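Listed below, chain by chain, are the residues.
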Amino acid sequence: MPASRRGSGSFTLTTGQTIAIHTRTQDEEDLPHATKKTMADHLRKYESLFTLTPQRMRMIVEAFTETLELGLNKPNQIVPMIPTYVFGWPTGQEKGDFLALDLGGTNLRVCLVTLQGEGKFEISQTKYRLTEEQKQEDGQKLFDFCAECLNTFVETNTGEGAGQLKPGQSLPLGFTFSYPCSQERIDHGELIRWTKGFGAGNTEGRDVAEMFKKSLEKYQLPIKLTALINDTTGTLIASHYVNPKTKIAVIFGTGCNAAYMEHVKDIAKIEHLGIDAGAEMAINCEWGAFDSFEHEHLPRTKYDTIVDDTSNKPGEQAFEKLISGRYLGEILRLVLCELIDEGVLFLGQNTYKLEKPYCFDTAFLSLMESDPTDELLMVIGIFTHFFALETTLAERQFFRALAKLIGRRAARLSACGIAAIVSKMGYLEEGCSVGADGSLYNKYPGFADRVHEGLQDIFGDKGRNIVTYHAEDGSGVGSAIIAAMTKHRKDAGLYLHV
Ligand code: GLC
């Protein structure tokens, strides 16, 4: 038996839990493990399932570009291309104190943002974790919780000094509500559908800005809802505030979506509003819905189909389900479960812990891919600590390779989405920066490099002109800048139209 080795480390899961791991290698011979050869054979099969060729990517880009056009031309399309009523870029000179509330996929965040002009800002914030019940129970209750958190934040941040609210000060609030909402003006938004596993009742089809205002009234807060925004729109504006080369923003988090600045003249479906054709308006693509229901263009494996069928919204968010942090761990878990059923993995061991849907956090894929040890000690730690399973080195190498396939596919599909916007807007020659944010982009090792590699596979060498970078905090700073831009427009008598 080889000498055992020890290793230790700690990491934080998306659930907020911090785990310390102490392990030693255990290539024991007393359990019937899969051989190196079996694992290599299986890996080849998954390689062909999860690999996207450049040619396939170009086909996806073509279909994607057509879908974006369709969403701009006609209302109520699957990829809705939502006009946001955020007109043009910030000047960088926006100033003042703004509150920002961010209802994301996992947390609720309240921020006080002080814009100082010249692309500078200060921010203080508090984060609250959302429970599964809050995501599913009545919508009004969810907004009441948002107002309650705002109330506590205002109470604890009122005083003298920097980063403090002055007593009696009334503040404009930007509400980042990152779900598809169709808007008629910037402080309005009808929820088209919940995404990212949310399902709060009595909310779809209703104006969430109105619902939230009702909750604000309960607490009689000195706050005015100025703008309802999407996280991608906030990221677009915040990133441009500090890096004016930014033309596109993408979120790679629990969900996946993009926003960019469009010429009003090219948004045919709002022509009747008579907005100045020379103006520009940010579009929230809601591209996570690409290929929903029809499943014509994306390479779905049977694991993706299971993820979809067992989700609370079957058929919907087809693109997002192949890419975002909410689903990648589950895809890998389903492959492992198949190999357990086929009698390949973990023979003689109790696998019940791994059989629970969504128990395999996407953070595990990141950790497996970044394990620096030859023996893959981190992978041992994950399997023993969370699933009480012993693994051999050959199996661990297989798990890591599988994570790489799934992570790489997600990044390459994301590149297809970015490429579609780049093609549509003609940004390839002059190049552009893409502000990107979200746990996958920020924490998954090599994700950005894989997106860039994908862009080069699609566009050839010119793909290098498109560069993603870690964006500014869109839901906090972006929302404050948009609130400032909106206030400025209102003060100038320009509410809806340019
Ligand atoms: C989901 C939401 C979208 C959001 C994205 C990233 O796709 O529908 O509005 O921008 O997640 O958070």
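Refer to the preceding data block for the structure.
Predicted model, so just to flag it, every value in this text is computed and none were measured.

A. View of the overall build of the protein. When you go through the protein residue by residue, the secondary structure sums to 15 helices and 15 strands. The C-alpha radius of gyration of the protein comes to 24 Å, within 12% of the 23 Å expected for a compact globule of 498 residues. Along the longest, intermediate and shortest principal axes, the C-alpha atoms of the protein span 80 × 50 × 40 Å. A total of 498 residues make up the protein; the buried ones form 59% of that total. Residue pairs at least 24 apart in sequence account for 72% of intrachain contacts in the protein once pairs closer than 6 positions are excluded. Surface summary for the protein: the accessible area is close to 20000 Å², and the carbon and sulfur share equals 50%. Across the protein, the 52 positively charged side chains and the 66 negatively charged ones have centroids separated by 2 Å.

B. Highlighting empty space enclosed by the protein. Applying the stated rule across the entire model yields seven cavities of 30 Å³ or more. The volume enclosed by the largest cavity comes to roughly 80 Å³. Contributions of two or more residues to the lining of the largest cavity are made by β3 (82-87) and β10 (223-229). Partitioned by chemical class, the residues of the lining of the largest cavity number six nonpolar, five polar and no charged. Its boundaries defined by the atoms lining it, the second largest cavity holds a volume of some 50 Å³. Trp 194, Thr 195, Lys 196, Gly 197, Ser 311, Asn 312, Lys 313, Glu 316, Gln 317, Lys 321 and Tyr 327 together form the lining of the second largest cavity.

C. A look at the state of the cysteines. Under the criterion given, the structure shown has zero disulfides. A disulfide-free cysteine, Cys 149 has its sulfur positioned 6.9 Å from the sulfur of Cys 146, the nearest such atom. What makes Cys 149 buried here is its relative accessible area of 3%. With no disulfide of its own, Cys 285 lies closest to Cys 256 among cysteine sulfurs, the gap being 11 Å. In this structure Cys 285 comes out as buried when scored by relative accessible area, which is 0%.

D. Structural view of the layout of surface pockets. Taken as a whole, the second largest pocket holds about 440 Å³ of empty space. If you go around the second largest pocket, you meet 19 residues; those closest to its centre are Pro 75, Asn 76, Ser 182, Gln 183 and Lys 269. At three residues, β3 tops the list of elements feeding residues into the lining of the second largest pocket. Split into classes, the residues belonging to the lining of the second largest pocket amount to nine nonpolar, six polar and four charged.

E. Region of interest: the pattern of salt bridges. Counted according to the given criterion, the structure contains 25 salt bridges. Asp 41 is paired through a salt bridge with Arg 44; the nearest N and O atoms lie 2.7 Å apart. With Asp 41 and Arg 44 both in helix α1 (residues 36-50) and three residues apart, the pair spans about one turn of that helix. Relative accessible area serves as the criterion here: at 32%, Asp 41 is assigned to the partly exposed category. Two residues, Glu 330 and Arg 333, come together in a salt bridge whose shortest N-O distance is 2.9 Å. Taken together, the residues Glu 330 and Arg 333, both in helix α9 (residues 325-341) and three residues apart, mark about one turn of the helix.

F. Representation of the nonpolar core. Counting 124 residues, the largest nonpolar core has Phe 252, Trp 287, Phe 383, Phe 387 and Ile 418 as the members making the most contacts within it. Broken down by element, the residue count for this core peaks at 18 residues, all from helix α12 (residues 393-425). If we ignore the near neighbours within four places in the chain, the residues touching Phe 252 are Ile 323, Ser 414, Ile 418, Ala 436, Asp 437, Gly 438, Ser 439, Leu 440, Tyr 441 and Phe 447. By size, the runner-up hydrophobic cluster in this structure holds 36 residues, among which are Leu 101, Leu 103, Tyr 179 and Leu 228.

G. Fine view of helix α10 (residues 362-370). In terms of burial, α10 is largely enclosed, as eight of its nine residues are buried. For α10, every residue scored as buried is listed here: Thr 362, Ala 363, Phe 364, Leu 365, Ser 366, Leu 367, Met 368 and Glu 369. Where α10 begins, one side-chain oxygen reaches toward the backbone nitrogen of Ala 363, 2.9 Å away; that side chain belongs to Asp 361.

Rules used throughout
What you see as residue numbers is a count from 1 along each chain, following the sequence as written. Restriction of local features to residues with pLDDT of at least 70 applies here, the model being predicted, together with a cutoff of 80 or more for giving and counting side-chain atom pairs; totals for whole chains, interfaces and linings are based on all residues. With hydrogens and water excluded, all non-hydrogen atoms of the structure serve as input to the side-chain values. Put simply, DSSP H or I for four residues or longer makes a helix, DSSP E for two residues or longer makes a strand, and each gets a number counted from the N terminus. The size measure is the radius of gyration over C-alpha atoms, and the globule rule it meets is 2.2 Å times the number of residues to the 0.38 power. Relative accessibility under 20% of the residue-type maximum defines a buried residue, over 50% an exposed one, and the middle range a partly exposed one, all with a 1.4 Å probe and only protein chains included. Pairs of residues are marked as contacts when any of their non-hydrogen atoms sit within 4.5 Å. Note on areas: these come from Shrake-Rupley sampling with a 1.4 Å probe, and a residue is covered only by the protein chains present in the view. Only four residue types enter the charge count: Lys and Arg as positive, Asp and Glu as negative, with His and the chain ends excluded. By convention, the charge on Lys lies at NZ, on Arg at CZ, on Asp at CG and on Glu at CD. Only protein atoms enter the calculation, which uses a 1 Å grid: trapped sets of points that fit a 1.4 Å probe without letting it out are cavities, open sets showing protein on both sides within 12 Å along at least five of seven lines are pockets, and any residue with an atom within 4 Å of a point is a lining residue. Grid points are joined across faces, edges and corners, and a volume is the space filled by probe spheres set on the points. When residues are grouped by polarity, Ala, Val, Leu, Ile, Met, Phe, Trp, Tyr, Cys and Pro land in nonpolar, Asp, Glu, Lys and Arg in charged, and all others, Gly among them, in polar. Counting rule for disulfides: a pair of cysteine sulfur atoms within 2.5 Å. Any Lys or Arg side-chain nitrogen found within 4 Å of a carboxyl oxygen on Asp or Glu counts as a salt bridge. Buried residues of nine kinds, namely Ala, Val, Leu, Ile, Met, Phe, Trp, Tyr and Cys, make up a nonpolar core once their side-chain atoms join them within 4.5 Å. Here a polar contact is taken to be a pair of N or O atoms separated by no more than 3.5 Å, where protein atoms must pair a possible hydrogen donor with a possible acceptor and residues adjacent in sequence count only if both atoms sit in side chains.

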